Every structure is written in structure tokens, then in C-alpha cells.
Amino acid sequence: MDKGITGVCFGDVELADNTISKEFLRNENIGLPQMSELEVLRHYKEMSDKNFCVETGMYPLGSCTMKYNPKVNELMASLEGFANLHPLASDEDSQGALELMYKLQEALKVLTGMDAITLQPAAGAHGEFSGMLVIKKYFEVKGENRTKVIVPDSAHGTNPASASMAGFEIIEVKSDDRGQVDINDLKLLLENQGSDIAAIMMTNPNTVGIFEEQVLEISKLMHENGSLLYYDGANLNAIMGYSNPAIMGFDVCHINLHKTFSTPHGGGGPGAGPIGVVEKLKDYLPKPTIEFDGEKYYRNYDLPNSIGKVRSFYGNFGVLVRAYTYILMMGKDLKHATEDAVLNANYLMNKLKDVYDMAYNEKCMHEFVICGEKQKEQGSSTLHIAKRLMDYKIHPPTVYFPLIVHEAIMVEPTESESKERLDNFVEVMLKIAEEIKQNPEMVNSAPHNAPIKKVDETLAARKPDLNYAKK
Ligand SMILES: *Cc1c(COP(=O)(O)O)cnc(C)c1O
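Report follows, based on the coordinates. Because the structure is predicted, anything quoted here is derived from the model rather than measured.

1. Structural notes on the overall build of the protein chain
When helices and strands are tallied, the protein chain shows 15 helices and 13 strands. What you see for the protein chain is a C-alpha radius of gyration of 25 Å, in line with the 23 Å of a compact globule of 471 residues. Taken along the three principal axes of its C-alpha coordinates, the protein chain extends 75 × 70 × 45 Å. Within the protein chain, buried positions represent 48% of all 471 residues. Of the contacts made within the protein chain by residues no fewer than 6 positions apart, 70% connect residues no fewer than 24 positions apart. With an accessible surface of roughly 23600 Å², the protein chain has 53% of that area assigned to carbon and sulfur atoms. Side chains of the protein chain give 48 positive and 66 negative charges; the mean places of these two sets differ by 3 Å.

See below:
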């Protein structure tokens, strides 16, 4: 600690005696790493070289839509007027930013079919929570005491978590053998607990990559019961421009801008999870809303029934600029993104299905789920297959989700990958299947070529070692 090397020089700092109360004064050396500026840079560069991103290689992380993040998005977000605008600047001084937010809302209205949008929530899960609060408020104002929310057993974990955080009790509806909501089970729940049920939360296409064919019947049943429908929009990349949650009968939805709309994610964000609602829920949206009076864009705080603020300022503005840029650059080609995403997933599924068992033998949408039971019987497992992919410079797919599929491997190639990349993925997956037959031990001890070898995941989570010092 006394090497005396430093990257910065504070000079002599003089504080008046009473600036900091004595009890808070430090007596010992603060213990900061002693590094020159160059060594600090090398440290971070070395860490970034160990990182894997979509610019390193294919990133087929099911449900997460790790598509290419166009660089033009970054260029727009770094424009001085956007990047340096203070969030507390007056409406008058922020017309450009407010216009962008308003126009993004309008675009999302078209894409979701919803009547009003808020851009405030910071992620999909945060959107779910906000949407659930809106639903709660709706019933509160109506004077109905509905305490339960139905969530399919295939749902993303954030669905029951958000509904529960908003104060609802969760009831599970089963999936049938085709991976879709079991409509008879749903009818039974409505029959027995109907007057308690506030809403159902659904993802469509659902988390096993299959379109819920009975969605119109489900929305009819729910609405007849006086309940609402929440749409988890994480899989919007499979239907964008072809269908939308409003057509399917949903009342509230969220959109993950960091998935479908190409803003960067992974590593914790920032992201954005705007929500859309139908007309009758408009008054409950978080405030302020961003509105246009025909001449000026403005923040409207005059919403007596609003659920209040859900995020400091107005959301992750930099993310909103990137998503709006993507929408403008793509225009009608957003439909092509959907087509290619679905085509790519079906191509992969068909190329792999003779060697890997598919969880459902149905045409998939933008992702599909492999069941790795066969490979487990041969002495390996889904976890090992995922790790082995890293040796071939492919990011592991989502594994062990959804929970209803044993040894699940969930593959989502997105539209960004070329046929050559898809063929490479197929080749690697087939090779790994062969390796398992020949030498499962070798697969099970992978990765062999990644910067970090197999980690003890329990230890890493329970006792993370974040020390900068080289051991
Ligand atoms: C990603 C995802 C979410 C949560 O979204 P975040 O933006 O990560 O909070 C919810 N549901 C599904 C199906 C998802 O894939």
C-alpha cells in the first residue's frame, strides 16, 4: 500500500477544521489500488477482451433477442442536444427531446395497437410491475376487489414476481402437450375463482416459441369474466408488423426496447420497458405523460388517477433515442426483421431436429426449445453443451428455461445472423452431439478455450471475489 504510485494528483487539499465532523474522519489509509493511469487502462482492456458480446460472435440467447445493435443508434444518442440535455430543463427548452419521446410513443402505439404509451419503465420487468399497478388501480376505482392473477406455468419468472410485488396472489394455469395454455384448466380456474381474478399475464408467442392459437378465445373468456389481459411483449420480434397485442385482445402490454428495438443490453442495462394500455386504462398511467397540444410538446402532471411516478425523470432517455432511430431506419422493414427472425429459427430447428429432440414438434416462431434428455442419457447434459459452445466462440443459449421442459436449451438466432453463421451453429451443435457420444468427459469439462474455465457457480454466487489484486 505504500508504493506511492498514483494515477491522479489531488494536490494539497485544505479543509477548514469543521468541514467534516471528527467522528467521520478516517484515521487509516483508504487502501486504494496504487496504479498508474496506463495500468488502469490495461486492467480494463484486459477485462473487456474477456467479454463476449454480439459483436464477438453468435449470441442465440433464447427469450433475450440479442440482435445486432446498429451503430447509427449510438451516433444519434450522442448528439449534443440529446446527450447533454438536463432532465430538469423546461418544456420550452426541451422541445426536441419531448418531440422524440412523443413520436416514439406514437410509433409504439401503431406497433402494439394500444391507445396510450408511457416510456418511463426501465425494463420489461419494471413494465410488468407498472402494468400490474395500472390493473390494480383500475379495479380499485371500479370498486371491485380482485386479488388474483393467472400466470401460465411456462411464464418468465418476472411475471409472477411482478404481479406479486403489486400485491396480487398468483394462480398457475397449466400448459397442454402442445406447449399452449390449457384452455380447460383456465375455464376451471374462472369457474371456481372467477370473481377474484383481476387478470391473466401471457406471452405470445409464448416462452417455448409457439404461438398461442387460442388467444382470442382466452381473451373472450377473460373479458366475459370482467378480467383484464396483460401481454408480456418480450417476444414482439416474432410478430412485429403482422399482429399486435391489441388485436389479440390484450389490455396492457410492455415492450422491451432492448430486445425488439435493438438497443444494447446484457450486463444489466440500461434498457427500457415502455407499457401500452387501452383507452379505459389511460388515466392510470404513470405521470407525467408526454403530450402534444398541436403546437408544443409538454409533460402532463395533471392526472389525478395516475399510479404516480415509476422512474426518476422520464425513463432511460438515451435508450429511447436509440430505439426511435432503429424504428425510423427500418420503417416498413420491421416486418422483414420479423420474417427473418422466424425463418432463421425454423431453419435451425429443422437442421437440428434429427440429432436433438425438440420439446415440441410444432412449427416455431422466432425461437425454439431443445430437450437435452437424450444427451443426458449419453452422459452429458444441457449445462455442459452450453459451456462447450463457448469453445466454438458461440454464446450459450438460454438453458433450463422454461421450467416445463426438461434439460431445456432455448435457441433464438434473431434476424441479424447470416446463413453462414446459422450453418456454423448447426455444424457446431452436431459436432458436440458427436463428441458426447465419443467422449462425454471432454464435453463435461468444457470450456477449454475460453478465458475463464469452468466456474463453481455456487461459490461464485455465494462468495464473489471482486478483489483487483492479481493472485
Ligand atoms: C426478458 C424477458 C422479460 C423481462 O424483461 P427485462 O427487460 O429483462 O426486465 C419478461 N418476459 C420474458 C418472456 C422475457 O424474455
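Resuming the write-up.
2. A closer look at the sheet that holds strand E11 (residues 368-371)
Reading across the sheet, the four strands line up as E10-E11-E13-E12 and stay open at both edges, with antiparallel pairing between neighbours. At either margin of the open sheet sits one strand with a lone partner, and together these are strand E10 (357-358) and strand E12 (398-399).

3. Let's talk about the sheet that holds strand E4 (residues 197-203)
The mixed open sheet is built from seven strands, whose spatial order is E1-E7-E6-E5-E4-E2-E3. Only two strands of the sheet have a single partner each, and these edge strands are strand E1 (116-118) and strand E3 (169-173). Each strand of the sheet is rotated relative to its neighbour by a mean of 25 degrees, with strand direction disregarded. Contacting E1 and strand E6 (252-254), helix H4 (residues 95-112) crosses the sheet at an angle of about 125 degrees to E1.

4. What to know about the pairing of strand E8 (residues 289-292)
Bridge count between E8 and strand E9 (residues 297-300): four bridges; the pairing is antiparallel. By the bridge assignment for E9, Ile 290 is matched with Arg 299.

5. Quick look at the packing of aromatic side chains
For any pair of aromatic rings, the description rests on two quantities: the centre-to-centre distance and the angle between the ring planes. Going through the model one piece at a time under the given rule, you end up with 10 aromatic pairs. Among the aromatic side chains, those forming a connected cluster through ring pairs are Tyr 102, Phe 292 and Tyr 297.

6. Structural notes on the packing of helix H5 (residues 124-142) against helix H6 (residues 158-165)
Running from N to C, H5 and H6 point in directions that differ by 40 degrees, and their axes come no closer than 8 Å. Judged by the angle between their axes, H5 and H6 are oblique. Here H5 runs over H6; the crossing is right-handed. Residue-level inspection shows Ala 125, Glu 128, Phe 129 and Met 132 of H5 in contact with H6, the latter providing Thr 158, Asn 159, Ser 162, Ala 163 and Met 165. Taken together, the residues of the contact of H5 with H6 sort by class into five nonpolar, three polar and one charged.

7. Some words on the side chain of Asn 204
With respect to the helices, strands and loops of the structure, Asn 204 is situated in the loop between E4 and helix H8 (215-224). At a separation of 2.7 Å, a polar atom in the side chain of Asn 204 contacts the main-chain amide nitrogen of Glu 212. Excluding residues within four positions of it along the chain, Asn 204 makes contact with Ile 210, Phe 211, Glu 212, Val 215, Tyr 231, Asp 232, Ile 239 and Met 248.

8. Considerations on the pairing of strand E2 (residues 148-152)
Within E2, five of the five residues are buried, which leaves the element mostly enclosed by the surrounding structure. Once you follow E2 into H6 and on to E3, the crossover reads as right-handed. As defined by bridge partners, E2 adjoins E4 across three bridges and the pair is classed as parallel. Bridge pairing in E4 places Ile 150 opposite Ile 200.

9. Some remarks on the nonpolar core
Counting residues in each nonpolar core, the largest one holds 80 residues, and the members touching the most others are Ile 135, Ile 150, Leu 257 and Phe 261. Considering each element in turn, this core owes the most residues, nine residues, to H4. Ignoring sequence-local partners within four residues, the contact set of Phe 261 consists of Leu 108, Leu 111, Leu 236, Met 240, Ile 255, Asn 256, Ala 323, Tyr 326 and Ile 327. If you look at the next biggest cluster of nonpolar residues, it comprises 24 residues, including Phe 368, Val 411, Val 426 and Met 429.

Reading the values: rules and limits
Residues numbered from 1 in each chain as written. Predicted model: local features only at pLDDT ≥ 70, side-chain atom pairs only at ≥ 80, totals over all residues. Heavy atoms only, no water. Helix = DSSP H or I, 4+ residues; strand = E, 2+ residues; numbered from the N terminus. Rg over C-alpha atoms; globule rule 2.2 N^0.38 Å. Buried < 20%, exposed > 50% of the residue type's maximum accessible area, 1.4 Å probe, protein only. Contact = heavy atoms within 4.5 Å. Areas by Shrake-Rupley, 256 points an atom, 1.4 Å probe, with all protein chains shown as cover. Lys, Arg positive; Asp, Glu negative; His and termini not counted. Charge placed at Lys NZ, Arg CZ, Asp CG, Glu CD. Pairing = 2+ DSSP bridges. Axes fitted to C-alpha atoms, helices over the stretch in contact; angles between N-to-C directions. Phe/Tyr/Trp six-rings, centres within 6.5 Å; stacked < 30°, edge-to-face > 60°. Parallel < 35°, antiparallel > 145°, perpendicular 65-115°, else oblique. Left-handed = near helix turned anticlockwise from the far one by under 90°. Nonpolar A, V, L, I, M, F, W, Y, C, P; charged D, E, K, R; others polar. Polar contact = N/O pair within 3.5 Å; in protein donor to acceptor, adjacent residues only side chain to side chain. Right-handed = clockwise from strand over helix to strand, strands pointing away. Core = buried A, V, L, I, M, F, W, Y, C linked by side-chain atoms within 4.5 Å.

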